[in-house]
Amino acid sequence: MPSGQRAQWKGFLKFGEVSCGVALYTAASTSERITFNTINKATGNRVNRIFVDSETEDPVPKEAQTKGFEIENGQYIIIDPEEVSAAIPESNKTLEIEAFIPCSDVDDVYFDKPYYLTPDRMGGDAFAALRDAMKKSMVAAIARTVLFRRMRTVLIRPHGKGLIASTLNYDYEVRSSEKAFEEMPKLKIQGEMLDLAKHIISTKKGEFDPATFDDRYEAALADLVKAKLEGKSLPKPKKVQVSKPNDLLAALRESAGMMKAAADKPKRTAANANNGTGRQRAARGAAAKSAASKAAPQRKAS
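In this text the structure is predicted, and so the values were computed from the model without any measurement.

Colleague: Sorry, what's going on with a nonpolar patch on the surface here?
Modeller: Taken together, Phe-69, Ile-71 and Ile-77 make up a surface patch of nonpolar side chains, about 310 Å² in accessible area. By the secondary structure assignment, Ile-71 is in strand β3 (residues 67–72).

Colleague: Please clarify how the pairing of strand β7 (residues 140–147) should be interpreted in this entry.
Modeller: Side-chain positions along a regular strand alternate between the two faces of the sheet. Within β7, seven of the eight residues are buried, which leaves the element mostly enclosed by the surrounding structure. Pairing of strand β5 (residues 94–101) with β7, which is carried by five bridges, proceeds in the antiparallel orientation. Residue pairing for β7: Ala-99 is matched across the bridge by Ile-142. In terms of strand pairing, β7 meets strand β8 (residues 150–159) through seven bridges, oriented antiparallel. From the neighbouring strand, Thr-145 faces β8, where its bridge partner is Arg-152. Connecting β7 to the antiparallel partner β8 that follows it, the hairpin turn spans two residues, and Phe-148 within it adopts a positive phi of roughly 55°.

Colleague: Would you mind showing me how to read the confidence of the model for the protein chain here?
Modeller: Any region with low pLDDT has predicted coordinates that should not be read closely. Per-chain confidence: the protein chain averages 80 in pLDDT, with 81% of residues scoring 70 or above. Taking the mean pLDDT of every element in the protein chain, the minimum, 47, falls on helix α7 (residues 277–295) and the maximum, 94, on strand β9 (residues 162–168). The low-confidence segment residues 291–302, where pLDDT is below 50, has seven contacts with residues more than four positions distant or belonging to other chains.

Colleague: How should the nonpolar core be read in this particular structure?
Modeller: A general tendency of soluble globular proteins is for nonpolar side chains to be buried together. Within the largest apolar cluster, 21 residues are counted, with the highest numbers of intra-cluster contacts made by Leu-13, Leu-117, Ile-156 and Leu-163. Of all the elements in the fold, those that place two or more residues in this core are β1 (9–15), β2 (18–26), β5, β6 (111–119), α2 (124–137), β7, β8 and β9. In contact with Ile-156, not counting residues within four places along its chain, are Leu-13, Leu-117, Met-134, Ala-140, Ala-141, Ala-143, Leu-163, Ile-164 and Ala-165. Judged by nonpolar contacts, the second largest core, of six residues, contains Ile-101, Val-106, Ala-140 and Leu-155.

Colleague: Would you mind going over unusual backbone geometry with me for this structure?
Modeller: In terms of backbone geometry, most residues other than glycine have negative phi values and most peptide bonds are trans. Phi is positive for Lys-93, close to 55°, though the residue is something other than glycine. Among the structural elements, Lys-93 can be located in the loop between α1 (81–87) and β5. Non-glycine residue Arg-149 carries a positive phi angle of around 70°. Structurally, the position occupied by Arg-149 is in the loop between β7 and β8.

Thresholds, definitions, all that
- Residues numbered from 1 in each chain as written.
- Predicted model: local features only at pLDDT ≥ 70, side-chain atom pairs only at ≥ 80, totals over all residues.
- Heavy atoms only, no water.
- Patch = residues over 30% accessible without salt bridge, like charges linked within 9 Å, V, L, I, M, F, W, Y side chains within 5 Å.
- Areas by Shrake-Rupley, 256 points an atom, 1.4 Å probe, with all protein chains shown as cover.
- Salt bridge = Lys/Arg side-chain N within 4 Å of Asp/Glu carboxyl O.
- Helix = DSSP H or I, 4+ residues; strand = E, 2+ residues; numbered from the N terminus.
- Buried < 20%, exposed > 50% of the residue type's maximum accessible area, 1.4 Å probe, protein only.
- Pairing = 2+ DSSP bridges.
- pLDDT = per-residue confidence, 0-100.
- Contact = heavy atoms within 4.5 Å.
- Core = buried A, V, L, I, M, F, W, Y, C linked by side-chain atoms within 4.5 Å.

Laid out in structure tokens, this is it:
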């Protein structure tokens with residue numbers, strides 16, 4: 001069990017006639033991002049959200065609110081929250097594996113959210129047997145269960161000492177790629193233009209290291225908050241110049257020359273995830289948040 005982290009779901013993992021207790025923990029979170037509140041410019045107080053009637057514009061208290069499905073413009077079928085709860089599939093708290101498949105069989109576009117899947121203390125042997133067998137067989141598992149009040153399909157894969165379970169989008173939720181690219185013209189690039197593009201790719205080959213990817217938007221927000229606290233203004237960013245079709249070959253030639261010069265220089269080692277760069281960024285963001293909270297006008301207690 002990860003220290004200081006609550007399980008999002010607890011239940012059983014079943015494969016064949018074997019089952020073991022497991023828990024799901026969030027693998028990715030946005031809680032560390034800088035967030036803003038909506039403020040009343042005149043008073044400096046935080047603004048609260050109020051639901052109003054779309055016709056009368058009168059406020060609607062929570063106890064007077066219900067759910068509705070629109071059948072025509074402005075016409076709704078009223079559905080009570082109790083009816084919604086009754087329609088939710090009953091959970092048996094079991095992730096039942098239906099099939100083992102090659103990992104490459106699932107298109108990444110179907111991936112939704114990742115969770116770490118860990119065993120409880122009593123099910124470690126069965127869990128480890130499944131994990132190691134999946135590693136040796138180079139397969140992933142498809143399982144289904146009720147998660148967060150919805151029936152979900154889950155892809156389970158070996159990951160380090162445990163397993164990672166990714167919820168999958170349903171087919172109706174994934175938009176057609178054919179429609180997305182239907183207006184794209186049919187172009188066949190060849191000759192020098194293709195060779196230059198391939199050369200640039202060959203000189204920029206590397207390895208995936210998430211520690212080297214900075215969240216520039218988050219860093220920019222932290223700089224903005226700091227500048228506002230210090231009464232300074234940030235320099236305006238330069239506009240990106242998009243390559244025109246007539247200048248594309250010239251841009252590729254220039255890029256290829258730059259890539260060749262860069263390749264001749266000694267290569268720098270990629271940042272390690274344990275070097276502390278992540279901690280420095282987190283500390284920077286936390287400092288900006290702390291400073292912003294101190295500088296923000298204090299609200300009267302309600």
